[in-house]
Each structure stands twice: as C-alpha cells, then as structure tokens.
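# A closer look at the structure
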Amino acid sequence: MNIFDRIEAGDHEQVVFCHDRASGLRAIVAIHSTALGPSLGGTRFFPYASDDDALADVLRLSEGMTYKAAVAGLDQGGGKAVVIGDPARDRTEDLMLAYGRFVDALAGRYITAEDVGTTQADMDVIRGVTRYVTGTSEALGGSGDPSAATAFGLASAMRALLFLSTGRDALADSHVVVSGVGKVGSHLVANLVQAGARVTVADVSAEAVERVRSSYDVAVVAADEAHRVPCDIFSPCALGGVLNATTIPDLRCWAVAGAANNQLASPGCGRMLADAGVLYAPDFVVNAGGIINISFEWSAGGYDRDAAFARVARVYDTTLTIVDAAKRDGVTPVEAALAIGRARLDAGVHQIRTFP
Ligand code: NAD
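Predicted model, so just to flag it, every value in this text is computed and none were measured.

Let us look at the overall build of the chain. A tally of regular secondary structure across the chain gives 14 helices and twelve strands. Its C-alpha radius of gyration of 20 Å places the chain within 12% of the 21 Å reference for a compact globule of 356 residues. The C-alpha extent of the chain, read off along each of the three principal axes, is 55 × 45 × 45 Å. In the chain, once contacts between residues fewer than 6 apart in sequence are set aside, the share between residues at least 24 apart is 64%. Working note: accessible area of the chain is about 15200 Å², and carbon and sulfur atoms make up 52% of it.

This part is about the packing of aromatic side chains. All told, the structure shown has two aromatic pairs when counted by the stated rule. Between F152 and F309, the ring centres sit 5.4 Å apart and the planes meet at 25°, which makes this aromatic pair stacked. One end of the pair, F152, is in helix α6 (residues 147-166); the other, F309, is in helix α12 (residues 305-312), with 157 residues separating them in the sequence. Overall, F152 belongs to the partly exposed group, its relative accessible area being 26%. Residue classification places F309 among the buried residues on the basis of a relative accessible area of 14%. Here the basic side chain of R305 rests over the ring of F309, its NZ or CZ set 4.2 Å away from the ring centre.

As a further point, take helix α2 (residues 51-71). An ideal rise of 1.5 Å per residue puts 30 Å on 21 residues; α2 measures up with 31 Å between its terminal C-alpha atoms. The first or second residue beyond α2 is G73, which carries a positive phi of 80°.

Before going further, it helps to examine the sheet that holds strand β10 (residues 233-236). Spatially, β9-β8-β7-β10-β11-β12 is the arrangement adopted by the six strands of the open sheet, whose pairing is parallel. At either end of the open sheet lies a strand with only one pairing partner, and these are β9 (219-220) and β12 (279-280). Where β10 meets strand β11 (residues 255-256), two bridges bridge the pair, whose relative direction is parallel. Counterpart to I233 in the pairing with β11 is A255. Contacts from helix α7 (residues 183-194) reach β7 (175-179), β8 (198-202) and β10 within the one sheet, and its direction differs from that of β7 by about 170°.

Here the focus is the packing of α2 against helix α14 (residues 333-347). Contact geometry for α2 and α14: axes closest at 8 Å, N-to-C directions at 85°. Judged by the angle between their axes, α2 and α14 are roughly perpendicular. Where α2 approaches α14, its residues T66, Y67, A69, A70 and V71 are matched on the opposing element by A337, L338, G341, R342, R344 and L345. Class assignment for the residues of the contact of α2 with α14 results in seven nonpolar, two polar and two charged.

Attention now goes to the side chain of Q76. Structurally, the position occupied by Q76 is in the loop between α2 and β5 (77-84). Every residue in contact with Q76, bar those within four places of it in the chain, is listed here: L36, G37, P38, L40, A69, I291 and S295.

Glancing now at the site of the ligand. Lining the immediate environment of the ligand, one finds 20 residues, of which T150, K183, V184, D203 and A238 sit closest. Between an oxygen atom of the ligand and a main-chain N or O atom of K183, the distance comes to 2.9 Å. A distance of 3.1 Å separates an oxygen atom of the ligand from a polar side-chain atom of N261. Look at the ligand: alone it shows 830 Å² of surface, and the protein chains cover 74% of it. Counting residues per element, the ones that place at least two in the shell around the ligand are α6 and α7. Taken together, the residues of the shell around the ligand break down into ten nonpolar, eight polar and two charged.

This part is about the nonpolar core. Ranked by internal contacts, the top residues of the largest apolar core, which has 67 residues, are V29, Y99, M158, V178, L188 and L192. Counting residues per element, this core draws most heavily on α6, at nine residues. Residues from two domains meet in this core; each of domain 1 (3-64 + 78-140) and domain 2 (147-288 + 316-342) gives at least three. Once residues lying within four places of it in the same chain are set aside, the contact partners of M158 are L171, V176, L188, L192, I233, S235 and A257. Of all hydrophobic cores here, the second largest spans 30 residues; its members include Y67, C253, F284 and A337.

Attention now goes to the pairing of β7. Of all five residues in β7, five are buried; the element is thus mostly enclosed. Of the two faces of β7, the one holding H175, V177 and S179 and the one holding V176 and V178 are both buried throughout. As judged from the five bridges shared by β7 and β8, these two strands associate in the parallel manner. Its bridge partner lying in β8, V177 is registered against T200. Here β7 runs beside β10; their pairing, made up of four bridges, is parallel. Residue pairing in the sheet places S179 in a bridge with P236 of β10.

What counts as what
- Residues numbered from 1 in each chain as written.
- Predicted model: local features only at pLDDT ≥ 70, side-chain atom pairs only at ≥ 80, totals over all residues.
- Heavy atoms only, no water.
- Helix = DSSP H or I, 4+ residues; strand = E, 2+ residues; numbered from the N terminus.
- Rg over C-alpha atoms; globule rule 2.2 N^0.38 Å.
- Contact = heavy atoms within 4.5 Å.
- Areas by Shrake-Rupley, 256 points an atom, 1.4 Å probe, with all protein chains shown as cover.
- Phe/Tyr/Trp six-rings, centres within 6.5 Å; stacked < 30°, edge-to-face > 60°.
- Buried < 20%, exposed > 50% of the residue type's maximum accessible area, 1.4 Å probe, protein only.
- Lys NZ or Arg CZ within 6 Å of the ring centre and 35° of its normal.
- Expected span 1.5 Å × (residues − 1).
- Pairing = 2+ DSSP bridges.
- Axes fitted to C-alpha atoms, helices over the stretch in contact; angles between N-to-C directions.
- Parallel < 35°, antiparallel > 145°, perpendicular 65-115°, else oblique.
- Nonpolar A, V, L, I, M, F, W, Y, C, P; charged D, E, K, R; others polar.
- Near = heavy atom within 4 Å.
- Polar contact = N/O pair within 3.5 Å; in protein donor to acceptor, adjacent residues only side chain to side chain.
- Core = buried A, V, L, I, M, F, W, Y, C linked by side-chain atoms within 4.5 Å.
- Domains from an automatic or database assignment.

Below is the structure:
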C-alpha cells in the first residue's frame, strides 16, 4: 500500500516527516484528528527496524489517542510522534531541539508529551523552542510525570468494576495482580494498598519488584505466571499484546484493567475474553488519567493538581457507562467504547483546529 493509501485507510488528517541533517533527527508526526480540538499525544523514541515500522506505529498510536481523548470526554484530538533511533545512543539536546522546532512549526495542531523512550527532561528541552509541549517539570509550568494520574484513574476504574460486581466500590479485600511495576504500576500498588486491597506483583526487573516489595506488603510472582494467579482483577501495566489466544484461557480473574496500551493481541481477543466470562475494561478508557491530567495544563489560571485529579476520578463513571452500554447493546466493552468515541467525533466540528 502506498503512503497516501495508508493515511487514507486510517483517515489521518496529516502526517509530517521531519529530517534534520545536523542532529541526525528522523521523526514522523501523525495528526489523526483535530475534530474535537488540537491533537495531543506523546513522542516515542524507538529503534524501529524499518521506517515502515515507524510509520505503522505512529499511524496506529495517533488513531488510538483520538479515541482515548474522545471517550474521556476531552475537547482534544489525537496525535502521536515517533523519533527513529535508540534513545540510549542517539538522544542529544540538539536532536530534541530540532524535533521541538518541527512541533512548533505545526502551530498547535499537534501538542507533544512524554512517551516510551522520552522523559520529562526531554520535554523540558523541547519547551525551550515551543510551547506546544506538555508534561514538562512543574518549575516550567507543566504537570510533570503523568504516571501518578494514570494510576489514580486506573484505581478509579477498578472501583467501578468492583461496584458492578459486588454493589460496593471499595477496593478493600479485593485481590489485584499488577504485572509491571514501573512508573504507573508502582503508583497503582500504592493506591491499592492504601485502599486495603490485597496485591500481588510481577515484573521482569528484579530491581522494580524490590522497590515495591520494600515499601509495601505485597506478594510476588514470576512475570510469566502473573496472568495465571487466581484474583479479582488482573492489571497488565507493562507491555501490549498480553491478552492473546495463549494467555486468555489461563486467566483466573473476573476482570482485567491495566495501564498497558494495546493489551489485546488482536481485535478478536475482546470477544474471546467475553466468551471466557472475563470483563475487559478497555485499556484506552482506564489508562486515560495521564492525558486528562495533562489537558489541565491549559486551564485558565494554569495547572491545578486537585482539579485535574478530580477530573481523572471520573474514569470511574466512564467505565460504568461503557460496561453498561456493552451489556445493553450486546457488544464487547471495546466495541461499546469505540462507538461512544465515534459518536463524539461525528458530532465534532471537522475542521483544522489549532491550539489558541
Ligand atoms: P515503565 O517502563 O515505567 O514500566 C514498565 C514496567 O514493566 C517496567 O518495570 C518493566 O521492567 C516491566 N516489564 C517489562 N516487560 C514485562 C513483562 N513481560 N512482564 C512484567 N513486567 C514487565 O512504563 P510505565 O510508564 O509504567 O507504563 C506502563 C504501560 O502503561 C506502558 O504500556 C505505557 O505505554 C502505558 N501507559 C502509561 C502511561 C503513563 O502515564 N506513564 C499512560 C498511559 C499508558
């Protein structure tokens, strides 16, 4: 398929290829939709095997951001960027500045943020050449690392699932398995333990496990055993693709809700989970806390953490709405969430939007 056919297939508005010889920058910015507002999404810095893989990733991720924002009720569109390279080897200040200038040239149609391979420090560098960047340090007026907000939203979604299951939305006495205790997973463990939940953790990094185990009373299992542990909620907080034809039959939970993006290995896995009697809370619904938090950086009067977290807590209501819609319409929660997102997008004004 040629490039325009691929762009048309995903209905993307604009795809920008960025090159800077001096710094060696090669990046792609994909603006999927500005129907609801300026597009927002992180910058992934990754050693893609080919330019084709990089393009496929940025097209897929930017479309996902459109639905994440639409379902969360934000007046924001979906975008994403990829920088092609190994952040450990290729990250330089000049490269980040060159990238930031490309973001600036989009005049607010795309607003960037941290993602896999980029850090808050990178966002601070980018802030030197453009205001269209979020997640900078608080000293620069940003909201910092979004992981705490993502974890808080995820814990709110879990309370909604417990309400649906037991009629009580208390996490106390529930058993949650958190697979991946990095930035989001470790904050999630803190939320869960504080609320009185029983928590089991797993991570491929012994160091990450130890950090959590030394601070909280948690059980530990091997990373490849986590999904088999009998529990209430299994929470994938590491990589995508963890819910597949091999792992789904092994699940011993009644619900799955995690931070990892793209947890379903294929769209058909949503039906497979439903048939297995597992309630799957869509990743792009329950992990929206970070993007909701970031959206408050443009509130009148500047970022207010309390106001932002109060809005993040509404992931609870969104989760209830989606599970109810799925039951009502006889579809999976993913299908219900996509339909809700599409309805908002169709009602949105389809025009080129920029940040004011
Ligand atoms: P992170 O890199 O800080 O943490 C990921 C953890 O998963 C690491 O500790 C890593 O060792 C572990 N891990 C890797 N492979 C594993 C495996 N096979 N089994 C168990 N553990 C494994 O990343 P993060 O910021 O915490 O994000 C976690 C996931 O949530 C990612 O998929 C990310 O895209 C998604 N997400 C994050 C945010 C955010 O605010 N940070 C927001 C939305 C979605």
